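Read off the chains here:
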Amino acid sequence: MSVSPVAANPVELRGLVKRYGEIVAVDHVDLTVQPGDVYGYLGPNGAGKTTSLRMMLGLIRPSAGLVRVFGGDPLAGVAALKDVAGFVEEPRFYPYLAARKNLELLAALDGGNAVSRIDEVLEVVDLSDRAGDRVGSYSHGMRQRLGIAAALLRKPRLLLLDEPTTGLDPGGIRDMRALIRRLADDGITVLLSSHQLSEVEEVCNRVAIIRSGSIVFEGHLDDLRRSSTTTYRLQTTDPERAVAVCEAQPGIRDVTAGEPSGEIVFTAGEEAVPDLSVALGEAGIGISALIPQRPSLEDLFFQFTEGQEATTRPSLERPALTEAA
Amino acid sequence: MKPGVPTVYRWELRKLRSQKRTYIGLGAAVVIPLIFVTAVAFQSGGPEDVAFGRYIHDTGLAIPLVLLFFGSLWMFPLITALVAGDIVAAEDHNGTLKTILTRSVERGQIFTGKALATATYAAAAIFLSGTVAVVAGSIVSGFDPLVTLSGKTVSALSALGLVGASMLVYLMPIFAVACIGLLLSTITRNSAAAVVGTLMVSLVLQLIAIVPGLGWLHPYLLSTQFDAWQGLLRNPIDWAPTIRSAWVCLLYGAPTLAAAYILFVRRDVAG
């Protein structure tokens, strides 16, 4: 049974593996990008992000597992990539040709009326004035923008962008992120690989974190935030009794009382804290301060990519994908 | 319109027209005949032990034929290898292979377009060189009748036709060299290695031809096929060398081209 291209998600990876001899670059990756997502594919350098993207674009063959883009197999032919565009690593062009000539070449290889969109996409990435210059004279940032222009020529429904802000100056990074948000607002699904959490946090709604070739988290950013317990600092009018109330309260753990300040420190999920406030009030204990100390997303990222996984992982529904007939 | 091999072919030619390497090859195809003709103009002798060498002062139409002989040693294989060895490997080096492989043309169509562009360039180099040799040679030695290898004199116009036909026959081993270059270009992913490798294969086959005791192998060597055109300049025309050249060159060219095609279509594109 094949997956219907109409109903299929923009990207579905199931049990994806890529081995280079003894090295496992991508290790049983499951990932789903849904329509409208701006999906962050996050991981440190060498984690397997680019290798995954290459398999999504049909540039390399998986050792095992399935890749589907809009239900099609990119290895079966370019028809599967009809609605897909993007680049892996930095976008590359013919340095001896002008930017416009490069786009004309790519438009010719796309067919249809892609060539009529050249002026429009150059305008979008703000390269109209330099379109006649050879790409060999372009800065890194200009080539990145030209890469976006080349992708937009195809009028894609899915953009695959591999670390699009790498090597850009702060202004270039700001412009690139704004451009990605604008494209997402126009209805293009974006899969964006990055090793910068701040970037993913700024532009993405869902995220997968990859570490040593394996996905260690997939879900919404809010799920990621909720996936760890929070430490709270509590100051009350009666620390001694407050400790007892805390210890008796369900969901409150690791209660310690500081000396001589009387500050109580405990860990709890978000849902347990309101009940604790009520319990303290009913016991006649005044709350001077109740301060959550959430780990930042960056802390969580390092927790996932360098240390252990978060204590709680969101339950992710990963439907089985049947190989296309 | 759906893009295909013609689209790729047109753009490969445009890319070739924009690269210095192309002009180095075509420049050599022009300059070397001019140097040869200049030398002929200032010397009374000639390469008498080479077919048509003794006639280079009698008619300019002998000069392209002598050039075909000398050109087979390294000039034409090198000119061919300059593009054949580069046309895939350069895309690897520039990282542009991934750029074009993620558009709307199949890998096989891209390879076919590249192979056709390589063949076009190689044919252009041979005919450009021949044209320069005929024109410059005729200026220096005259546009006069030619004595064939059978001793019969043919008119200048007939000789011109035979020179053109000789170049067509000469293209067969050139295309086989191009196929070897395309394979090395696809395997090595390195332009310099593929260009030098192609030339080395050509030179090694020539070296085998002078190894004592391997005379039985000569008819099947690629280097021997560069002389097949001489059969056209006999009376009557001896087609046997041309026919043998066709299938021997096919034996060299077809498997290497097929291997290059399969490798290109199936390979991982990383980097």
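What you see is a predicted model; the values in this text were computed from it and never measured.

**Student:** Explanation requested: the nonpolar core in the structure shown.
**Tutor:** Where a protein is soluble and globular, its nonpolar side chains tend to be buried together. One finds A:Ala149, A:Leu153, A:Val190, A:Leu192 and B:Phe175 to be the most contacted residues of the largest nonpolar core, which totals 160 residues. If you tally residues by element for this core, the top one is helix α8 (residues 156-188) of chain B, at 17 residues. A:Tyr232, A:Val245, A:Ile264 and A:Leu280 belong to the second-largest nonpolar core, a separate cluster that totals 12 residues.

**Student:** Is there a simple way to think about the interface of chain A and chain B in this case?
**Tutor:** Interfaces are often described in size by the accessible area the parts lose on coming together. In this assembly, 22 residues from chain A lie in contact with 23 residues from chain B. Tallying contributions element by element places helix α2 (residues 99-110) of chain A first for the side of chain A that touches chain B, with 5 residues.

**Student:** Would you mind going over the environment of B:Val269 with me for this structure?
**Tutor:** Following the sequence through the fold, B:Val269 ends up in the segment after α10 (240-266). C-beta crowding within 10 Å serves as the criterion here: with 20 such atoms nearby, B:Val269 is assigned to the buried category. Discounting chain neighbours no more than four positions away, the residues touching B:Val269 are A:Leu59, A:Ile60, B:Leu97, B:Lys98 and B:Leu101.

**Student:** Would you explain the packing of helix α2 (residues 20-42) of chain B against helix α7 (residues 107-141) of chain B in this entry?
**Tutor:** How two helices pack is summed up by the angle between their axes together with the distance between the axes. All names here are of chain B. In the contact formed by α2 and α7, the axes pass within 9 Å of each other and the chain directions differ by 20°. It follows that α2 is roughly parallel to α7 by the angle criterion. Considering how the two elements wind past one another, α2 and α7 form a crossing that is right-handed. For the pair formed by α2 and α7, the contact residues are Thr22, Gly25, Leu26, Ala29, Val30, Pro33, Leu34, Val37, Val40 and Ala41 on the first element and Tyr121, Ala124, Ala125, Leu128, Ser129, Val132, Ala133, Ala136, Gly137, Val140 and Ser141 on the second.

**Student:** Is there a simple way to think about helix α4 (residues 140-152) of chain A in this case?
**Tutor:** Along an α-helix, residues three or four apart share an orientation, since each turn contains 3.6 residues. Residues and elements named next belong to chain A. Taking 1.5 Å as the rise per residue, α4 with 13 residues should run 18 Å; its terminal C-alpha atoms sit 19 Å apart, in good agreement. Those residues of α4 not exposed but buried are Arg143, Gln144, Arg145, Leu146, Gly147, Ile148, Ala149, Ala150, Ala151 and Leu152. Contacts made by the buried residues of α4 are with β5 (84-87), α2, α3 (118-124), β6 (158-162) and α5 (170-185).

Each value, and the rule that gives it
- Residues numbered from 1 in each chain as written.
- Chains lettered and ligands numbered in written order.
- Predicted model: local features only at pLDDT ≥ 70, side-chain atom pairs only at ≥ 80, totals over all residues.
- Core = buried A, V, L, I, M, F, W, Y, C linked by C-beta atoms within 7 Å.
- Buried ≥ 20, exposed ≤ 12 C-beta atoms within 10 Å, placed from the backbone.
- Helix = DSSP H or I, 4+ residues; strand = E, 2+ residues; numbered from the N terminus.
- Contact = placed C-beta atoms within 7 Å.
- Axes fitted to C-alpha atoms, helices over the stretch in contact; angles between N-to-C directions.
- Parallel < 35°, antiparallel > 145°, perpendicular 65-115°, else oblique.
- Left-handed = near helix turned anticlockwise from the far one by under 90°.
- Expected span 1.5 Å × (residues − 1).

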